[in-house]
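Structural features, examined
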Amino acid sequence: PVALRFEDLSMTYPDGTEALTGIDLSIAAGEFVSIIGPSGCGKSTLARIASGLLPQTGGLVRIDRDHLAFTFQEATLLPWRRVLGNVELMMELRGVPAAERKRKALEQLDLVGLTGFEDRFPRALSGGMKMRASLARSFALDPTVFLFDEPFGALDEINRERLIEELSALHRAKGFTGFFITHSIPEAVYLSSRVVVMGARPGRIAAEYAIDLPQP
Ligand code: ADP
Ligand code: ADP
């Protein structure tokens, strides 16, 4: 089954900037696809359209937004809530009962290696730990499609490598559909079964590569 599909998608901003043209892309359930391309080729525009934050000006998007999670570069944790409260936030908004919320939040925190840090405030976490908490918050909703827009851009090399490995393991364990935007070729190759390369002016798909790495 198809989890995410763009059909002849285009986007022209109100000032006349053509950000995307003729985007055709279909992502199967469970697939992990990366989008790479130079600055200005329309990656963020594509992410915002996929997430529903920005209405496209042409073409179609098919995606189940009820089961969509997204993570952007800055791990946007609420500074006045502890880690546990931050991870429970989305569940609270959806009316999940308190006991179940806590159980699920602790389970997700364990998964991202943050057991023992539940009562910290975000300011007392490292950058990598903030990103892990933010991933835990998204995973608590059991997303079937996970959209990442440069999630590791603000991290140092070592934390970035660790998180890439962790995300890869999470994908194998949970089987969600991944749509991963990056300008790092190594990130794209390591994480994905398919890499889509975009070109600019206006943003379009320039090439696609299947990645078939030997199993470790
Ligand atoms: P990327 O994420 O690949 O760097 P963007 O999606 O941010 O690319 O931008 C694609 C193009 O659209 C660029 O030319 C950018 O200047 C333009 N753009 C982005 N946002 C807006 C906006 N709100 N209004 C007008 N042009 C925009
Ligand atoms: P990461 O961001 O991947 O956790 P770090 O090298 O920043 O990696 O941290 C390594 C370990 O040091 C963390 O797992 C945590 O136990 C501890 N640590 C890091 N930063 C802080 C902090 N601000 N407060 C408390 N403990 C921290």
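Residues numbered from 1 in each chain as written. Chains lettered and ligands numbered in written order. Predicted model: local features only at pLDDT ≥ 70, side-chain atom pairs only at ≥ 80, totals over all residues. Heavy atoms only, no water.

As named in an unreviewed UniProt entry, the protein chain is ABC transporter ATP-binding protein, taken from Psychromarinibacter halotolerans.

Let us now look at the pairing of strand β2 (residues 18-28). Pairing between strand β1 (residues 2-12) and β2: seven bridges, direction antiparallel. Note that in β2 the partner of V2 across the bridge is A28. Taking the residues that link successive antiparallel strands as the turn, the β1-β2 hairpin has five residues, and the phi of G16 there is positive, at about 95 degrees. (Pairing = 2+ DSSP bridges. Helix = DSSP H or I, 4+ residues; strand = E, 2+ residues; numbered from the N terminus.)

Okay, the site of ligand 2 next. Around ligand 2 sit F117, R120, A124, L125, S126, G128, M129, R132, N159 and R162, and that is every residue in its neighbourhood. R162 places a side-chain nitrogen or oxygen 2.6 Å from an oxygen atom of ligand 2. Relative to its unbound accessible surface of 530 Å², ligand 2 loses 53% to contact with the protein. Mapped onto the shell around ligand 2, the elements with two or more residues apiece are α4 (127-139) and α5 (157-174). Here the shell around ligand 2 gets three residues from one element, more than from any other, and that element is α4. (Near = heavy atom within 4 Å. Polar contact = N/O pair within 3.5 Å; in protein donor to acceptor, adjacent residues only side chain to side chain. Areas by Shrake-Rupley, 256 points an atom, 1.4 Å probe, with all protein chains shown as cover.)

Counting residues in hydrophobic clusters, the biggest one holds 32 residues, and the most contacted among them are F148, F152 and L167. Contributing elements (two or more residues each) for this core: α2 (83-93), α3 (98-111), α4, β6 (145-149) and α5. Top contributing element to this core by residue count: α4, with six residues. Sequence-distant contacts of F152, defined by excluding residues within four places in its chain, comprise M131, R160, L163, I164, L167, F180 and E187. (Core = buried A, V, L, I, M, F, W, Y, C linked by side-chain atoms within 4.5 Å. Buried < 20%, exposed > 50% of the residue type's maximum accessible area, 1.4 Å probe, protein only. Contact = heavy atoms within 4.5 Å.)

Under the criterion given, the structure shown has one cavity of 30 Å³ or more. Computed from the structure, the largest cavity encloses a volume of approximately 40 Å³. Lining the largest cavity are D66, H67, L68, A69, R94, L141, D142 and P143. Class assignment of the residues belonging to the lining of the largest cavity gives a composition of four nonpolar, one polar and three charged. (1 Å grid on protein atoms, 1.4 Å probe; cavity = no way out; pocket = protein on both sides within 12 Å on 5 of 7 lines; lining within 4 Å. Points joined across faces, edges and corners; volume = space filled by probe spheres on them. Nonpolar A, V, L, I, M, F, W, Y, C, P; charged D, E, K, R; others polar.)

As a packed pair, α4 and α5 sit with axes 11 Å apart at the nearest point and diverge in direction by 20 degrees. With respect to α5, the element α4 is oriented roughly parallel. Considering how the two elements wind past one another, α4 and α5 form a crossing that is right-handed. Between α4, through G128, M131, R132, L135 and F139, and α5, the contact on the second element is made entirely by N159, R162, L163, E166, L170 and K174. A class-by-class count of the residues in the contact of α4 with α5 yields five nonpolar, two polar and four charged. (Axes fitted to C-alpha atoms, helices over the stretch in contact; angles between N-to-C directions. Parallel < 35°, antiparallel > 145°, perpendicular 65-115°, else oblique. Left-handed = near helix turned anticlockwise from the far one by under 90°.)

Another aspect to go through is the environment of T12. In this structure, T12 sits in strand β1. If we ignore the near neighbours within four places in the chain, the residues touching T12 are T17, E18 and T57.

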